[in-house]
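Chain residues, written in single-letter form:
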Amino acid sequence: MSQDGALRLPISRNWQQQLVVILVGLYCFWGLAGIAVADPAFHVEHLQVTPCGDAIKINASVQLGKEALLQQILDQGQTLVWVVEAEWREPEPFSFIPGVGVHAHGEERWRIHYYPLTNQYAIEDQHGALTLYAHWSAVATALAQVHDFILPLVHGAARGQVALRVYIDVQALPLPLRLRSLLGHWKLESPWIVSAPLSH
């Protein structure tokens, strides 16, 4: 091998290494950008809140997205945890002050299962009772309604706002799926929707 060839070889290798570093950096950059701009999978709509003594009754509808992904996870034998979360907040701009802005918090959690032997879906409520569904469309219809969610108001401001959101508890999934959710920008949640100020 000539001396010129011996000199060109390390230069070529260094150039390849730099190219790999650049490509990895671009991948990470676009990955993080994707996380930032990923659209939420769900949207809460038509929020209705009714004061009931020392509680608030909440009804709403949910627009579901990424249903094919949810079915795929269930078909793999995994359980999905569906969470409805509500808060009683100070009217803006004080609603997000820690220890001051939020006066009540409540959530309801349902576990969604798929049984391949009987080709049935099931939603398990917080008391362990199962409701069976023959088709995914029936499950989606059930999830698309927040019906008579009761948020107790133990203490706090006499005037406030109700905030509501829904999400899939990704932390309840196995680690490989949690990593996929991060890399795939699943964002299995809805933004908060906030009611007009009301008194209780």
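Quantities reported herein were computed from a predicted structural model and do not represent experimental measurements. (Residues numbered from 1 in each chain as written. Predicted model: local features only at pLDDT ≥ 70, side-chain atom pairs only at ≥ 80, totals over all residues. Heavy atoms only, no water.)

Novice: Just to check I follow, could you spell out helix 2 (residues 67-75) for this structure?
Specialist: Working note: α-helix, 3.6 residues per turn, so residues spaced by three or four point in the same direction. Considered for burial, the residues of helix 2 that qualify are Leu69, Leu70, Ile73 and Leu74. In an axial view of helix 2, the angular spread of the buried residues amounts to 135°, which keeps them on one side of the axis. Positive phi shows up at Gly77, right after helix 2, with a value of about 90°. (Buried < 20%, exposed > 50% of the residue type's maximum accessible area, 1.4 Å probe, protein only. Helix = DSSP H or I, 4+ residues; strand = E, 2+ residues; numbered from the N terminus. Arc of directions from axis to C-beta.)

Novice: Where do I start with a nonpolar patch on the surface in this structure?
Specialist: Together, Tyr115, Leu130 and Leu132 line one region of the surface with nonpolar side chains, adding up to about 270 Å² of accessible area. Of note, Tyr115 is situated in strand 4 (residues 102-115). (Patch = residues over 30% accessible without salt bridge, like charges linked within 9 Å, V, L, I, M, F, W, Y side chains within 5 Å. Areas by Shrake-Rupley, 256 points an atom, 1.4 Å probe, with all protein chains shown as cover. Salt bridge = Lys/Arg side-chain N within 4 Å of Asp/Glu carboxyl O.)

Novice: Could you clarify how one ought to interpret the side chain of Ser190 in this entry?
Specialist: By the element assignment, Ser190 lies in the loop between helix 4 (175-183) and strand 9 (193-194). In this structure Ser190 comes out as buried when scored by relative accessible area, which is 4%. Sequence-distant contacts of Ser190, defined by excluding residues within four places in its chain, comprise Pro40, Phe42, His43, Val44, Arg165 and Val166. (Contact = heavy atoms within 4.5 Å.)

Novice: Can you help me understand the layout of surface pockets in this one?
Specialist: There is about 250 Å³ of room inside the largest pocket. In this structure, the largest pocket is lined by 18 residues; those nearest its centre are Trp82, Trp110, Ala142, Leu143 and Gln145. Of all the elements in the fold, those that place two or more residues in the lining of the largest pocket are strand 3 (80-89), strand 4, strand 6 (130-133), helix 3 (136-143) and strand 7 (145-152). Residue contributions to the lining of the largest pocket peak at 5 residues, all from strand 7. A class-by-class count of the residues in the lining of the largest pocket yields 12 nonpolar, 3 polar and 3 charged. (1 Å grid on protein atoms, 1.4 Å probe; cavity = no way out; pocket = protein on both sides within 12 Å on 5 of 7 lines; lining within 4 Å. Points joined across faces, edges and corners; volume = space filled by probe spheres on them. Nonpolar A, V, L, I, M, F, W, Y, C, P; charged D, E, K, R; others polar.)

Novice: Looking at this model, I keep getting lost on the pattern of salt bridges. Mind explaining?
Specialist: Charged atoms that come close allow side chains of opposite charge to pair. Scanning the model with the defined rule gives 5 salt bridges in all. A salt bridge links Arg111 to Glu124; the nearest nitrogen and oxygen atoms lie 3.9 Å apart. One end of the pair, Arg111, is in strand 4; the other, Glu124, is in strand 5 (residues 120-124), and 13 residues separate them in sequence. The class for Arg111 is partly exposed, based on a relative accessible area of 39%. Among the charged side chains, a network of salt bridges with common partners joins Glu107, Arg109 and Asp169.

Novice: Mind showing me how you'd approach the packing of aromatic side chains here?
Specialist: Between two aromatic rings, the relevant description is the distance of the centres plus the angle of the planes. Tallied over the entire structure, the rule returns 3 aromatic pairs. Summarising the aromatic geometry, the rings of Phe42 and Trp82 are spaced 5.2 Å apart at their centres and angled 70° between planes, so their arrangement reads as edge-to-face. Here Phe42 is found in strand 1 (residues 42-51), whereas its partner Trp82 is found in strand 3, with 40 residues between them in sequence. With respect to class, Phe42 is no different from Trp82; both count as buried. Relative to Trp136, the ring of Tyr121 lies with its centre 5.8 Å away and its plane at 65°, an arrangement referred to as edge-to-face. Remark: Trp136 occurs in helix 3 and Tyr121 occurs in strand 5; sequence separation between them is 15 residues. On the basis of relative accessibility, which here comes to 6%, the residue Tyr121 falls in the buried class. An aromatic cluster is present here, built from Tyr114, Tyr121 and Trp136 joined pairwise through their rings. (Phe/Tyr/Trp six-rings, centres within 6.5 Å; stacked < 30°, edge-to-face > 60°.)

Novice: Looking at this structure, I do not really get the pairing of strand 8 (residues 159-168). What am I missing?
Specialist: Both faces of the sheet carry side chains from a regular strand, because those side chains alternate between them. Taking burial as the measure, the 10 residues of strand 8 include 9 buried ones, the bulk of the element. Strand direction decides the pairing type here: strand 3 and strand 8, joined by 8 bridges, are antiparallel. Bridging from a neighbouring strand, Glu87 pairs with Ala163 of strand 8. Pairing between strand 8 and strand 10 (residues 198-199): 2 bridges, direction antiparallel. Across the sheet, the residue bridging to Arg159 is Ser199, located in strand 10. The pairing of strand 8 with strand 9 spans 2 bridges and is classified as antiparallel. Bridging across to strand 9, Ala163 finds its partner in Val194. (Pairing = 2+ DSSP bridges.)

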